[in-house]
Structure formats: structure tokens, C-alpha cells
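Residues per chain, in single letters:
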Amino acid sequence: MKVFLSHSHTDAPLAARISEALEESGLQVWDSDRNLLPGDNWAGETARALEESDAMVVLLTPAAVSSPYVKREIEYALGSKNYSNRLIPVVVGNPDSFPANKIPWILQRMNWVGLEYSETEVPRVKPIADAILAAA
């Protein structure tokens, strides 16, 4: 199953670790920081990856909820049949640290996966992978 990983570029180190861990779970992950090369048409490649993916994991961090790109990717997933029941919001850290008006209202009503993150530990992605595979 191909998974689109939506995140702020500020969170690239975390996204890379999550990508690796999800791939170890048997998922194919598309991450703009890992898959886009210099000179690529980033808009075209991102659009292609969105169309070809079967699920989306969106990393919700303070930077991500302020990113217009992350918001557009979420909007695409919400409107696409490919992502029906396969949009997995992952709240990184304490959800109380997010301004409530910054998190899209629809994501506030979905079940979230909570993720504690430490730069010294491998992120525990089993709940994320399980949620994706359960919706497959």
C-alpha cells in the first residue's frame, strides 16, 4: 500500500524517521523531502503522488497546522475516494499545545493517533501502520 506522508518541511527529520519505520512495516511511503529531487516539478510530482497513494498520514505539529501546503494536501485527501477512511491524523506531542482554530475542523472530529517524539528514540509507528492496514 502506498502512503502519502504530509508534513511541514520544518518537521523533515521526524518525517524521515517515520517514513523509514513505516517502510519497515511493509508500507511504501512517499515523502516530499525524500522523493523530490533538485529540478523536479514539485507541484506536478506531489500531485502525482497524491493521485497514486492509497492512504495519507498527516503529521500534526505546530508548524504543520500553519502550513498552507499541508492544508491543501488534507483537503485533497478529504475529497478523494482513494483516501476514504484512510486519512490518518497523527498528533505529535501534546495536543493542548496546538491552537484549536489552526487544526482543520474535520480533523478535530476524527480519531487521532498520538505520537510522543524524542530525537533519540525511534518513533513508535505501529499504531499508525495498524490504522492504515486496518482500513485497507
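Residues numbered from 1 in each chain as written. Predicted model: local features only at pLDDT ≥ 70, side-chain atom pairs only at ≥ 80, totals over all residues. Heavy atoms only, no water.

Draft legend 1. Quick look at the sheet that holds strand β4 (residues 87–92). A sheet is described by the order of its strands in space; here five strands give the open sequence β2-β1-β3-β4-β5, paired in parallel fashion. Both edges of this open sheet fall to β2 (28–31) and β5 (113–115), since each of them pairs with a single strand only. Across the sheet, the mean angle separating the axes of adjacent strands is 25° when strand polarity is ignored. Taken strand by strand, helix α1 (residues 12–24) contacts β1 (2–6), β2, β3 (55–60), β4 and β5, and its axis lies near 165° from that of β2. Packed on one face of the sheet, helix α5 (residues 68–79) meets β1, β3 and β4 and runs near 145° to β3. (Pairing = 2+ DSSP bridges. Helix = DSSP H or I, 4+ residues; strand = E, 2+ residues; numbered from the N terminus. Axes fitted to C-alpha atoms, helices over the stretch in contact; angles between N-to-C directions. Contact = heavy atoms within 4.5 Å.)

Draft legend 2. Seen up close, the pattern of salt bridges. By the definition in use, this model includes three salt bridges. With its nearest N and O atoms 3.2 Å apart, the salt bridge here joins Glu52 to Lys2. Placement of Glu52 in helix α3 (residues 42–52) and of Lys2 in strand β1 is noted, with a sequence separation of 50 residues between them. Exposure remark for Lys2: the relative accessible area of 15% places this residue in the buried category. Residues Glu45 and Arg48 are paired through a salt bridge, measuring 3.4 Å at the closest nitrogen-oxygen approach. Taken as a pair, Glu45 and Arg48 lie in helix α3 at a separation of three residues, close to a single helical turn. According to the relative accessible area criterion, Arg48 is partly exposed, its value standing at 43%. (Salt bridge = Lys/Arg side-chain N within 4 Å of Asp/Glu carboxyl O. Buried < 20%, exposed > 50% of the residue type's maximum accessible area, 1.4 Å probe, protein only.)

Draft legend 3. Region of the structure containing the packing of aromatic side chains. Applying the stated criterion across every chain, the model contains three aromatic pairs. Aromatic side chains Trp42 and Tyr69 sit 5.5 Å apart centroid to centroid with 90° between the ring planes, which places their arrangement in the edge-to-face category. Taken together, the residues span a long stretch of sequence, with Trp42 in helix α3 and Tyr69 in helix α5 at a distance of 27 residues. (Phe/Tyr/Trp six-rings, centres within 6.5 Å; stacked < 30°, edge-to-face > 60°.)

Draft legend 4. Seen up close, the layout of surface pockets. The volume enclosed by the largest pocket comes to roughly 320 Å³. Around the largest pocket, the lining is made up of 20 residues, and of these Phe4, Trp42, Thr46, Tyr69 and Glu73 lie nearest the centre. For the lining of the largest pocket, the secondary-structure elements that each account for two or more residues are β1, α3 and α5. Partitioned by chemical class, the residues of the lining of the largest pocket number eleven nonpolar, seven polar and two charged. Volume-wise, the second largest pocket comes out at about 210 Å³. Every residue lining the second largest pocket is counted, 14 residues in all, and those nearest its centre are Asn85, Arg86, Leu87, Ile88 and Met110. Listing elements by their share of the lining of the second largest pocket, those giving two or more residues are α5 and β4. Among the elements that take part in the lining of the second largest pocket, β4 stands out by supplying three residues, more than any other. Here the lining of the second largest pocket is composed, by residue class, of nine nonpolar, four polar and one charged. (1 Å grid on protein atoms, 1.4 Å probe; cavity = no way out; pocket = protein on both sides within 12 Å on 5 of 7 lines; lining within 4 Å. Points joined across faces, edges and corners; volume = space filled by probe spheres on them. Nonpolar A, V, L, I, M, F, W, Y, C, P; charged D, E, K, R; others polar.)

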